[in-house]
Amino acid sequence: MVRERTVFHVDVNSAYLSWEAVWRLQHGSTLDLRTIPSVVGGDAESRHGIVLTKSIPAKKFGIQTGEVLWQARQKCPNLVVVPPNYSLYMMCHQALLDLLHDFSPNVQVFSIDEAFIEYTGSESVQGDAVAAAYRLKDRIRNELGFTVNVGVGPNKLLAKMAGEFSKPDKVHTCWPEEIASKMWPLPVGELFGVGRATTPKLQRLNIMTIGDLANAPDEMLARHLKSYGALLKASAQGQEFSDVGPDFRPPMKGIGNSSTIPFDCDTLQEAKLVLLSLTEMVCMRLRQTGLCARLVSVSIRNSSMNGRGHQHRMDAATDNTFRIYETACRLFGEMWQGPSEKIRNFGVRVSDLSLADFMQMSILQPYDERKKRLDDTLDRIRFRYGTQSVQRAAFLASGIAPVMGGVPEENFPVMSNIV
DNA sequence: TCTGGGGTCCTAGGACCC
DNA sequence: TCTGGGGTCCTAGGACCC
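The structure displayed is predicted, hence computed values, not measured ones. (Residues numbered from 1 in each chain as written. Chains lettered and ligands numbered in written order. Predicted model: local features only at pLDDT ≥ 70, side-chain atom pairs only at ≥ 80, totals over all residues. Heavy atoms only, no water.)

*Asks:* Hey, could you run me through the sheet that holds strand β12 (residues 343-355) in this one?
*Replies:* Two strands in a sheet stick together by hydrogen bonds in their backbones, pointing the same way (parallel) or opposite ways (antiparallel). Judged by pairing direction, the sheet is antiparallel, and its 4 strands sit side by side in the order β9-β12-β10-β11 without closing on themselves. Lying at the two open borders of the sheet, with one neighbouring strand each, are β9 (254-265) and β11 (307-318). Averaged over all neighbouring strand pairs, the angle between strand axes comes to 15°, with direction disregarded. The sheet contact formed by β9 and β12 spans 8 bridges and is antiparallel. Opposite C265, over in β12, you have I343 as the bridge partner. Where helix α13 (residues 268-288) meets the sheet, its contacts fall on β9, β10 (291-302), β11 and β12, and the angle it forms with β9 comes to roughly 155°. In the packing of helix α14 (residues 321-335) onto the sheet, the strands contacted are β10, β11 and β12, and the crossing angle to β11 comes to about 145°. (Pairing = 2+ DSSP bridges. Helix = DSSP H or I, 4+ residues; strand = E, 2+ residues; numbered from the N terminus. Axes fitted to C-alpha atoms, helices over the stretch in contact; angles between N-to-C directions. Contact = heavy atoms within 4.5 Å.)

*Asks:* Looking at this structure, I do not really get the side chain of D11. What am I missing?
*Replies:* Its place among the elements puts D11 in strand β1 (residues 7-12). In this structure D11 is buried but unpaired, with K167 as the nearest side chain of opposite charge at 4.3 Å. Here D11 is in contact with D113, E114, V148, N149, E164 and K167, once residues within four sequence places are set aside. (Buried < 20%, exposed > 50% of the residue type's maximum accessible area, 1.4 Å probe, protein only. Lys, Arg positive; Asp, Glu negative; His and termini not counted. Salt bridge = Lys/Arg side-chain N within 4 Å of Asp/Glu carboxyl O.)

*Asks:* Can you help me understand the protein's contact with DNA strand C in this one?
*Replies:* Within the structure, DNA strand C sits among 20 residues, and S111, A197, T198, H310 and Q311 are positioned closest to it. Backbone sugar and phosphate groups make up 89% of those atoms of DNA strand C lying within 4 Å of the protein. Here a sugar or linking oxygen of DNA strand C and a side-chain polar atom of E114 are 3.2 Å apart. Measuring from a phosphate oxygen of DNA strand C, one finds a backbone N or O atom of A197 at 2.8 Å. Listed by contribution, the elements that provide at least two residues to the surface near DNA strand C are β5 (107-111) and β11. Broken down by element, the residue count for the surface near DNA strand C peaks at 5 residues, all from β11. Broken down by class, the residue content of the surface near DNA strand C amounts to 7 nonpolar, 7 polar and 6 charged. (Near = heavy atom within 4 Å. Polar contact = N/O pair within 3.5 Å; in protein donor to acceptor, adjacent residues only side chain to side chain. Nonpolar A, V, L, I, M, F, W, Y, C, P; charged D, E, K, R; others polar.)

*Asks:* Would you mind going over the packing of helix α11 (residues 218-225) against helix α12 (residues 227-236) with me for this structure?
*Replies:* Axis angle and axis distance: for two packed helices, these are the angle between their axes and the distance between the axes, and together they describe the pair. Contact geometry for α11 and α12: axes closest at 6 Å, N-to-C directions at 130°. Classified by the interaxial angle, the pair formed by α11 and α12 is oblique. Mapping the contact onto sequence places D218, L221 and L225 in α11 and S227, Y228, G229 and K233 in α12. Counted by class, the contact of α11 with α12 contains 3 nonpolar, 2 polar and 2 charged residues. (Parallel < 35°, antiparallel > 145°, perpendicular 65-115°, else oblique.)

*Asks:* Any chance you could explain the side chain of N155 here in plain terms?
*Replies:* One can find N155 in the loop between β7 (148-153) and α7 (156-163). A polar contact is formed between the side chain of N155 and the backbone nitrogen of L158, at a distance of 2.7 Å. Once residues lying within four places of it in the same chain are set aside, the contact partners of N155 are R5, V7, G238, Q239 and E240.

*Asks:* How do you make sense of the protein's contact with DNA strand B when you look at a structure like this?
*Replies:* Inspection of the region around DNA strand B gives 26 residues, with S227, N257, S258, R285 and R344 positioned closest. For DNA strand B, the fraction of protein-proximal atoms (within 4 Å) that sit in sugar or phosphate groups is 82%. Between DNA strand B and the protein, one listed contact pairs a phosphate oxygen with a backbone N or O atom of K253 at 2.7 Å. Contributions of two or more residues to the surface near DNA strand B are made by α3 (69-75), β9 and β12. Here the residues of the surface near DNA strand B are counted per class, giving 6 nonpolar, 13 polar and 7 charged.

Okay, structure coming up:
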């Protein structure tokens, strides 16, 4: 049967852990991490000790993604914890992408381990959609060594929901006539868009399953969830109309980096170094994409895990590290209570972006050619020799990294265009 | 024993203008 | 003698995703 529209969703099973397992097997290990209770976890010493990905056996112990490692170990004393290796994951991501592009010209990357494929119109060449989904799944397993789930449906939402039905190494469909039997019995929290905060809200309204949500009165949803209620109800009914395609990527809205530092910061001097370090990374990425920003936001989280943020709209867009750093410092100064408040996490983010080519000259902040040259020089050195190859003198013996935050080698837009 | 990092979108209240 | 109302911008905060 040929459908009006057919979309695939491909999702790597326990991505980081699978990739780690495959790499180890290929490098002489006899132990397959996927077959034992194991997790990829951050470094507890530097206060990054959470579960990033769990194996299926680990899941059976009740271990959850995002959980702190010591809690996970309490649930499973024999838990094997391995550190993350992001460059390996980027390579695996690329390998998967290459294979998907070989399978179809219409691939939309959704995250490091997920992608959509528009299969509409491919039946005449590749045959029945479900059979093709099985071929794709098996080919990934045989050629790359890790398993995926492939969800098949009439739109991106249902394809994605289908991919979740059971794991690993599975193909599932969720066609319109299957929504009631396959999707509606699931707990409402399983629906894309229903998270930690909305689940209890819906449960209080006696909405326990996706089916309950699909049949809930509009007026009640609007009263408790505003416009989000109608969106979620439409999702529960399987309605979603966005396109698949690399061209459909929404333009980038902002660039930010944040970091939990290994110690609690309680001096202005240290705080400013952390802010500079983050600003270096943010601005490097900003200049790399040829953009300038007008809005600077700083966020902090203190030792009690309470967080807040401040933002400032500058008179003119800039990509200059020093200007953005100065703004960030001022914002921090405005919201920090002083040494009594110990800060564990800092974030710097820029938004309200515009093309650097059309950067406005501001009368208040005259364009500073020397600052621009310094930025360009540092960028070139760091691009060639690595981010740690040059550093500002203030960082020497500070114990604070001169450039902080990850550089995503690829931009992963969230499905903001869903609906 | 201690809780990551990268994003996007929506809402609400106050300021300000006409 | 009485105190409108709509629109937009700015800022903070919360929700969601992987």
